[in-house]
Amino acid sequence: MVIVRRVKPLPYWIIPIIALLAGIAISVIILYVLMGASPAAVLSAIVYGFTRPGVVAKTFVALTIVGIALLVSFKGSIWNIGGEGQITFGLMAATWVALFTALPYINPGLAQVSMILLAMVAGGIWALLAALPRAYLGLDEVPVTLIMNYIAYYIVDILVRGPWLGKHVYNYIRTDTIPAQVMFPQVPGTTMTWDGLFLLIILFVGVWYLLRNTSIGLRIRILGNNPNLLRSSGISVPLMIIVALTISGFIAGSVGALYLGGDVYRISYPVEAHTANYGYTGILVAWLSMLELIAVPIAAYIVSALYTAGIQYQILVGGHLGQLLTAGSAIVDVFIGSILLMYTILITISEYKIKIIVKR
Amino acid sequence: MSRNALIGIFIIVLIIVGAAAFYAGTLYAAGKTTSTAATNTATPTTWTPPTTIKAAWIYVGPVGDFGWSYMHDLGRRIVADLFKDWLKTTYVESVSEDKLGQTIDTLVSQGYNVIFTTSFEFMDGTIAAAKKYPNVMFFHCSGYKRAHNVGTYFADLYQVYYLDGLIAGALTKTGNIGYVAAYTIPEVVRHINAFAIGAEEVGKQLGKNIKVHVIEIGAWFAPDKAKNAAETLWKNYDVDVLAYTEDSTAILQLAEQITKDYEAGKVDHPLYVFSHYSPGWVYGKDAVVSGQIAHWEEIYADILSKIKAGIYTPYNLEHVDYWYLLNTGAVDFGCWIFPNGTVMHINPKFINILKNTYVTDKLTGKKMSVYELVMERYRMFKDAPMLTPLQLTDLTHKYETVVKITVDNKTIFISTPFDPFTGPLEGYKLKNPSEKVTIPAGERLGHDQLWSIDWFVNWVVYHS
């Protein structure tokens with residue numbers, strides 16, 4: 001048995017679609033066989049999830065932005081696993097603006113913009129710290145960015161336990177709630193905020209322009225495909241690595257501000273137990289998009305819809321008397337795990353062929 | 001270039017159209033609730049309770065934790081069966097703070113009109129959702145923010161921890177008692193203090209130098225951390241009796257192992273333990289002495305029957321604040337519930353020791369066994385019928401410290417004749433141990449002081 005690289009890979013857009021359908025099919029079977037979950041209930045929950053854009057919206061916005069952020073570095077073959085840390089740093093910066101400056105009381109609009117911008121800067125700095133050893137020491141960025149997530153958590157934990165501990169928190173370990181005027185206004189009928197929607201549009205167009213029409217975008221793409229070409233044309237490869245990872249962290253950081261202004265309104269200790277894990281889920285989104293910018297929102301929508309489907313499934317089955325352990329909250333993990341697994345298998349099949357040669 | 005620009009414009013238009021479609025779609029989807037909400041923001045003159053109440057529970061953890069969420073869900077299943085003629089229930093588990101909004105949206109879109117959010121973390125999210133859905137009733141467990149359609153409720157265990165403390169003070173040989181705390185938030189600090197006050201009350205009389213060693217593990221559900229902390233307390237601080245706040249059974253199993261080793265002569269001191277939240281005797285029949293049990297169904301039955309009767313409406317919940325203690329039955333003292341419904345208050349293995357240890361009741365001056373003392377105090381806490389109506393609203397909590405009223409020369413007890421949090425007590429602030437706290441003799445701490453307690457009594461030693 002030998003594995004041969006295909007001369008002509010399968011069309012790339014076909015893979016995520018098959019992965020999605022096959023993943024859902026496999027999930028339905030797994031849930032039925034192992035948990036006795038009714039396929040009808042599971043499927044109706046999925047349909048519900050996909051047809052409620054208003055409910056899905058908030059997760060969709062966050063995951064799309066993280067997906068875009070990771071896409072920038074993934075395009076350059078820089079595997080930024082540190083979205084979570086960059087978001088946490090963004091959360092920290094936005095909290096600082098909201099709680100410890102006078103800005104919210106002077107100009108709430110400007111304060112909201114500053115929260116987002118400073119969150120981006122903080123995310124960018126945190127990514128830059130991971131980019132430097134990668135660029136100049138050749139340290140693999142995957143473990144570095146991953147470990148830095150935890151360092152970011154613990155730095156924020158120290159702040160929340162110490163100097164940032166709230167004064168009106170009934171002795172719970174958390175910061176005060178941010179002033180009402182910097183809580184991001186919601187788009188009526190949806191779970192997302194106006195700030196999030198505008199940010200998404202700006203970032204999407206911005207990254208699209210960056211990757212398509214600027215020399216930096218071109219260089220990042222070349223960095224991903226053939227760094228030697230960059231080197232031979234006299235462009236600093238370490239510099240491009242730094243640029244790609246920093247832009248990635250810069251964009252991811254903004255999600256920290258959205259999380260503060262639209263979701264939690266304060267930081268609770270320990271921050272690692274109160275994160276939405278967008279930084280990790282965003283990796284799935286970036287992969288499902290096949291690193292095509294236009295597909296990122298689609299992938300983000302699919303993943304966020306599956307989360308809503310998980311909630312809906314629990315509501316459908318949760319009420320049965322006497323039944324304690326339903327598939328419950330694990331259903332989302334089953335969906336996402338199956339889809340990612342199918343995706344990984346399919347991506348291999350699309351590029352490689354397995355030939356069986358029988359010896360005579 | 002022009003082609004690129006065209007594509008760019010196309011994408012922008014696509015996003016804007018998409019956003020508009022989102023907006024339109026959700027307005028349509030949420031149409032019914034939004035329009036009725038708009039007409040009903042003011043207090044309506046009439047309110048008819050829905051014929052079928054659809055109640056949903058939102059849990060922060062998995063219902064299989066056999067601790068906090070499990071006991072809430074047990075409560076849900078009991079009322080669901082009891083009121084099955086007019087009540088439909090469901091639940092959503094392992095909901096993180098950021099998913100609360102969309103979970104509530106999903107529930108409301110399916111007609112759920114009563115929503116219980118059972119984690120402190122859900123407080124602000126519940127208030128925000130309540131503004132969005134003014135016709136839906138919300139009940140938030142363990143918080144302090146209310147609104148016209150948000151009530152709060154809590155069943156507290158401090159009296160039970162005090163009773164456990166009395167027993168701990170009698171059982172310890174080393175005088176070192178342990179406590180593994182999830183977080184040192186007011187709820188847990190209150191329980192640690194009550195436990196320490198009980199232990200000292202008995203231990204001091206028996207000539208023991210009582211110290212309560214506390215390790216904070218920083219998680220509600222962390223079997224490994226809890227086990228390590230308990231082992232550290234046992235090994236490094238000579239702790240032989242332990243209580244804890246954590247949602248797994250890991251500590252019970254560890255204590256059982258150590259106690260068995262002790263009885264086989266392998267180690268020099270045992271580790272006796274008090275089970276937390278759900279009945280834990282089966283996990284350590286040699287080591288579990290007693291424990292705390294929650295019965296959330298007491299509160300859920302009360303709330304739901306009042307909704308059914310039209311007493312609670314989405315417009316009058318701003319003062320509804322349950323603070324239920326032993327007298328209501330929402331909590332109990334024990335470590336097992338037998339199939340016939342009786343509660344094992346104390347593991348029979350330990351009853352003889354407690355019956356043969358004599359102390360003087362500081363209230364009456366009577367000499368009695370620790371067993372009698374514990375049961376006497378338990379009856380006293382249970383037997384306070386006048387307390388219950390005061391425990392239902394935030395306006396009446398302040399009367400809970402009124403011990404008795406004399407009418408026609410007859411003494412009518414309002415609260416329990418005795419409460420563990422009665423001065424003289426001396427302690428120190430958690431955040432600044434050099435800052436002392438003194439409660440003068442005779443002063444009884446009330447709901448508000450206990451709710452935000454931030455100090456330890458002097459014989460509590462905080463280790464991490």
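It should be emphasised that the depicted structure is a prediction, and the values quoted were computed from it without experimental measurement. (Residues numbered from 1 in each chain as written. Chains lettered and ligands numbered in written order. Predicted model: local features only at pLDDT ≥ 70, side-chain atom pairs only at ≥ 80, totals over all residues. Heavy atoms only, no water.)

Attention now moves to the overall build of chain A. Of the regular secondary structure elements, chain A holds 14 helices and 2 strands. When the backbone C-alpha atoms are referred to their principal axes, chain A occupies close to 80 × 70 × 35 Å. For chain A, buried positions account for 57% of its 360 residues. For chain A, long-range pairs separated by at least 24 residues make up 78% of all intrachain contacts whose partners lie at least 6 apart in sequence. (Helix = DSSP H or I, 4+ residues; strand = E, 2+ residues; numbered from the N terminus. Buried < 20%, exposed > 50% of the residue type's maximum accessible area, 1.4 Å probe, protein only. Contact = heavy atoms within 4.5 Å.)

With that out of the way, let us pick up the domain arrangement of chain B. All names here are of chain B. Here chain B is partitioned into domain 1 (48–155 + 297–327) and domain 2 (158–291 + 337–384 + 402–462). The centre of domain 1, based on its C-alpha atoms, is set 30 Å off from the matching centre of domain 2. With 14 residues of domain 1 at the interface, the matching set in domain 2 holds 18 residues. Surface buried jointly by domain 1 and domain 2 totals about 1600 Å² across both partners, of which 66% is contributed by carbon and sulfur atoms. Contact with domain 2 buries area across many residues of domain 1, yet W68, W323 and L326 alone supply 41% of it, more than any other trio. Linking domain 1 with domain 2 are 0 salt bridges. Seen at the junction of domain 1 and domain 2, the total is 1 residue pair in polar contact (both at pLDDT 80 or more). Of all elements in the fold, only helix 3 (68–82) and strand 11 (321–324) reach the threshold of two or more residues within the side of domain 1 that touches domain 2. Each residue belonging to the side of domain 1 that touches domain 2 can be placed in one class, and the counts come to 8 nonpolar, 4 polar and 2 charged. (Domains from an automatic or database assignment. Buried area = accessible area lost by both parts, 1.4 Å probe. Salt bridge = Lys/Arg side-chain N within 4 Å of Asp/Glu carboxyl O. Polar contact = N/O pair within 3.5 Å; in protein donor to acceptor, adjacent residues only side chain to side chain. Nonpolar A, V, L, I, M, F, W, Y, C, P; charged D, E, K, R; others polar.)

Residues and elements named next belong to chain B. Spatially, the 6 strands line up as an open sheet ordered 2-1-3-4-5-11, and their pairing is parallel. Each edge of the sheet is formed by a strand with only one pairing partner; in this case those strands are strand 2 (87–92) and strand 11. Geometrically, the sheet is characterised by an average inter-axis angle of 15° between neighbouring strands, direction not taken into account. Two strands pair when backbone bridges link them, and strand 1 (residues 53–58) and strand 2 are joined in this way by 6 bridges, in the parallel orientation. Residue pairing in the sheet places I53 in a bridge with L87 of strand 2. (Pairing = 2+ DSSP bridges. Axes fitted to C-alpha atoms, helices over the stretch in contact; angles between N-to-C directions.)

Residues and elements named next belong to chain B. Pairing is mixed in the open sheet, where 7 strands are placed in the order 12-10-9-8-6-7-22. Lying at the two open borders of the sheet, with one neighbouring strand each, are strand 12 (331–333) and strand 22 (460–462). Strand-to-strand twist in this sheet, taken as the mean axis angle between neighbours without regard to direction, amounts to 20°. Pairing analysis gives 2 bridges linking strand 8 (residues 241–244) to strand 9 (residues 272–275), with the strands arranged parallel. From the neighbouring strand, L242 faces strand 9, where its bridge partner is V273. Strands in contact with helix 8 (residues 223–236) are strand 6 (176–181), strand 7 (211–216) and strand 8; relative to strand 6, the strand with the most contacts, it is inclined by about 165°.

To continue, consider the packing of helix 8 (residues 194–213) of chain A against helix 11 (residues 237–264) of chain A. Residues and elements named next belong to chain A. At a minimum axis separation of 11 Å, helix 8 and helix 11 run at an interaxial angle of 175°. When the axis of helix 8 is compared with that of helix 11, the two are roughly antiparallel. Together, D195, G196, L199, L203, V207 and L210 of helix 8 and I247, I251, S254 and L258 of helix 11 make up the contact between the two elements. Class assignment for the residues of the contact of helix 8 with helix 11 results in 7 nonpolar, 2 polar and 1 charged. (Parallel < 35°, antiparallel > 145°, perpendicular 65-115°, else oblique.)

All names here are of chain B. Ranked by internal contacts, the top residues of the largest apolar core, which has 230 residues, are F116, F139, Y153, Y179, W296 and L304. Each of two domains, domain 1 (48–155 + 297–327) and domain 2 (158–291 + 337–384 + 402–462), supplies a minimum of three residues to this core. Core analysis: the next-biggest nonpolar cluster, separate from the first, contains 23 residues, I215, L242, I251 and W281 among them. (Core = buried A, V, L, I, M, F, W, Y, C linked by side-chain atoms within 4.5 Å.)

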